[in-house]
Amino acid sequence: MESSSASSLILVGSLASLCAGLATAVGALPVLLLREISDEVQDVMLGFAAGVMLAASFFSLILPGLEAAQAQGAGEVGAVSIVIAGILAGALCLWLIHRYAPHEHFITGPEGPHTQNVRRIWLFVIAITLHNLPEGLAVGVGFGGGDFDNGIALAIGIGLQNMPEGLAVAVALLTLHYSKAQALLVALLTGLVEPLGGLIGVGAVTVAASLLPWGLAFAAGAMIFVISDEIIPETHRKGLENHGTAGLMVGLVVMMFLDVVLG
C-alpha cells in the first residue's frame, strides 16, 4: 500500500474511532440534569450496547474477515481456520487482561489482583477502558482494510452504543456519590481510549495487509468476550433479563441495518 494512502487510512481510522469514543461523553451529558435513571432503563441501554457489538462482531468483522482471508488466497477451510484462531486470540487477550489488571465493575464488583493503592474511581476507569479498547480496535481495523463503507458503519454503530453506555456509567458513578463533574470526566476519559485502539488496529492492518483477516477476527473475539463476560451478566444481576434482552434485540437489528445500508 502506498505511503500516502496508508497515512490517509490511519488518519481516517483514528479520527473515526475518536468520534465514536467521544460519543461516550456526549451520552453522559444528561447526567447534568438527571440524578438517576431506573434499573429497567439502564438494562435496556446496556442490552442495546451488547446488541450493537454482537451484530458488529459478525456482520462487520467476522464475515469481512472470512472474505479477506479468501481474497488473500486461503481456501474455505483455511479462511475459517484463520478467523477462528483470531477470534479465540482476541478473547484470550481480553481474558488475560481482565485476569491480571486490577479493576472494578459497578455491579459485579472488583476483579483482578487486589490492590489498596489505587483509588476506587480509577478501578472503574480501568474496567470501562478494558471494555472500550476492543471497540476502538474494531473501528480501526474496519478502516484498515480500505473499506471505508464498512469502517463508517462500524464507527456509527459503536458511537451509537457508546452514548447509552456513557449515560449508564455516569449515573452509576452518581449513585456511588461521585460528583457530576467526576462522572462526566470518567465518561470522557474512558471514551478517549478508543482512538488508541483505533490507531493500533488501523496501523497494524495498513502496514501489513496480510494481518487484515487476523485483525478483524481478533477485534470480533475481543468484543464478544466483553459482551458475554461483562454486559450480559450486568443486565441479569437485578432480575431484569427481559429488559436487557429487548435492548439487545433492538441494538442488533439497528447495527445490522447500518451495516447493510452503509457497508
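Computed from a predicted structure; not experimentally measured.

What counts, and at which threshold
- Residues numbered from 1 in each chain as written.
- Predicted model: local features only at pLDDT ≥ 70, side-chain atom pairs only at ≥ 80, totals over all residues.
- Heavy atoms only, no water.
- Helix = DSSP H or I, 4+ residues; strand = E, 2+ residues; numbered from the N terminus.
- Buried < 20%, exposed > 50% of the residue type's maximum accessible area, 1.4 Å probe, protein only.
- Contact = heavy atoms within 4.5 Å.
- Expected span 1.5 Å × (residues − 1).
- Bend = angle between axes of the 7 residues up to and from the residue.
- Axes fitted to C-alpha atoms, helices over the stretch in contact; angles between N-to-C directions.
- Parallel < 35°, antiparallel > 145°, perpendicular 65-115°, else oblique.
- Left-handed = near helix turned anticlockwise from the far one by under 90°.
- Nonpolar A, V, L, I, M, F, W, Y, C, P; charged D, E, K, R; others polar.
- Core = buried A, V, L, I, M, F, W, Y, C linked by side-chain atoms within 4.5 Å.
- Polar contact = N/O pair within 3.5 Å; in protein donor to acceptor, adjacent residues only side chain to side chain.
- pLDDT = per-residue confidence, 0-100.

Description of the overall build of the chain
Looking only at helices and strands, one finds nine helices and two strands in the chain. Element order for the chain, N to C, with α for helix and β for strand: α-α-α-β-β-α-α-α-α-α-α. The buried share of the chain, taken over its 263 residues, is 50%. For the chain, restricting intrachain contacts to residue pairs at least 6 apart in sequence, the fraction spanning at least 24 positions comes to 81%.

Some thoughts on helix H2 (residues 39-71)
Spanning 33 residues, H2 covers 46 Å between terminal C-alpha atoms, matching the ideal 48 Å at 1.5 Å per step. Approximately 30° is the largest bend angle found in H2, and it occurs at Ala-56. Positive phi appears at Gly-73, one or two residues downstream of H2, with a value of about 105°.

Here we look at the side chain of Thr-24
Among the secondary structure elements, Thr-24 is positioned in helix H1 (residues 3-28). Residue Thr-24 is classed as buried on the basis of its relative accessible area, which comes to 3%. Apart from the residues within four sequence positions on either side, Thr-24 is in contact with Asn-132, Asn-162, Gly-166, Ala-187, Thr-190 and Gly-191.

Some details on the packing of H2 against helix H3 (residues 76-100)
Look at H2 against H3: their axes get within 9 Å of each other, and the N-to-C directions meet at 135°. With respect to each other, H2 and H3 are oriented oblique. Along this stretch, H2 crosses H3, giving a crossing that reads as right-handed. Where H2 approaches H3, its residues Ile-62, Gly-65, Leu-66, Ala-69 and Gln-70 are matched on the opposing element by Glu-76, Ala-79, Val-80, Ile-82, Val-83 and Ile-87. A class-by-class count of the residues in the contact of H2 with H3 yields eight nonpolar, two polar and one charged.

Quick word on the packing of helix H5 (residues 148-175) against helix H6 (residues 180-191)
Two quantities define a packed helix pair, namely the angle between the helix axes and the distance between the axes. Relative orientation of the contacting elements H5 and H6 amounts to 145°, with a least axis distance of 9 Å. Once H5 is placed against H6, the crossing between them reads as right-handed. Side by side, H5 and H6 meet where Gly-166, Val-169, Ala-170, Leu-173 and Leu-174 of the first sit next to Lys-180, Ala-183, Val-186 and Ala-187 of the second. A per-class count over the contact of H5 with H6 returns seven nonpolar, one polar and one charged.

Quick word on H5
Over its 28 residues, H5 runs 40 Å from end to end, which matches the ideal 40 Å to within 8%, given 1.5 Å per residue. Within H5, 21 of the 28 residues are buried, which leaves the element mostly enclosed by the surrounding structure. Directly after H5, the chain includes His-177, whose backbone phi takes a positive value near 75°.

Digging into the environment of Gly-47
In this fold, Gly-47 is placed in helix H2. The exposure class of Gly-47 is buried, given its relative accessible area of 2%. Taking C-alpha positions, Gly-47 is 7.1 Å from Ile-232, a pair spaced 185 residues apart along the chain.

Overview of the nonpolar core
Burial of nonpolar side chains together is a common tendency in soluble globular proteins. Leu-61 and Met-223 are the most contacted members of the largest nonpolar core, which totals 55 residues. If we ignore the near neighbours within four places in the chain, the residues touching Met-223 are Met-53, Ala-56, Ser-57, Leu-61, Pro-134, Glu-135, Ala-138 and Ile-158.

Some words on the side chain of Gln-161
By secondary structure assignment, the location of Gln-161 is in helix H5. Under the relative-accessibility criterion, Gln-161 is labelled buried at 0%. Within the local environment of Gln-161, its side chain forms a polar contact with the side chain of Asn-162, the two groups lying 3.0 Å apart. Filtering out sequence-adjacent residues up to four positions away, Gln-161 remains in contact with Phe-48, Ala-49, Val-52, Met-53 and Glu-135.

Focus: the environment of Ala-219
Examined against the element boundaries, Ala-219 turns out to sit in helix H8 (residues 212-236). A sequence separation of 85 residues divides Ala-219 from Pro-134, and the C-alpha atoms of the two residues are 5.9 Å apart. Sequence-distant contacts of Ala-219, defined by excluding residues within four places in its chain, comprise Leu-61, Leu-137 and Ala-138.

Some words on the confidence of the model for the chain
Predicted coordinates in areas of low pLDDT are best not read in detail. Summing up the model confidence of the chain, the mean pLDDT is 80 and the portion of residues at 70 or higher is 84%. By mean pLDDT, the top-scoring element of the chain is H3 (91), and the lowest-scoring one is strand E1 (residues 103-105) (58).

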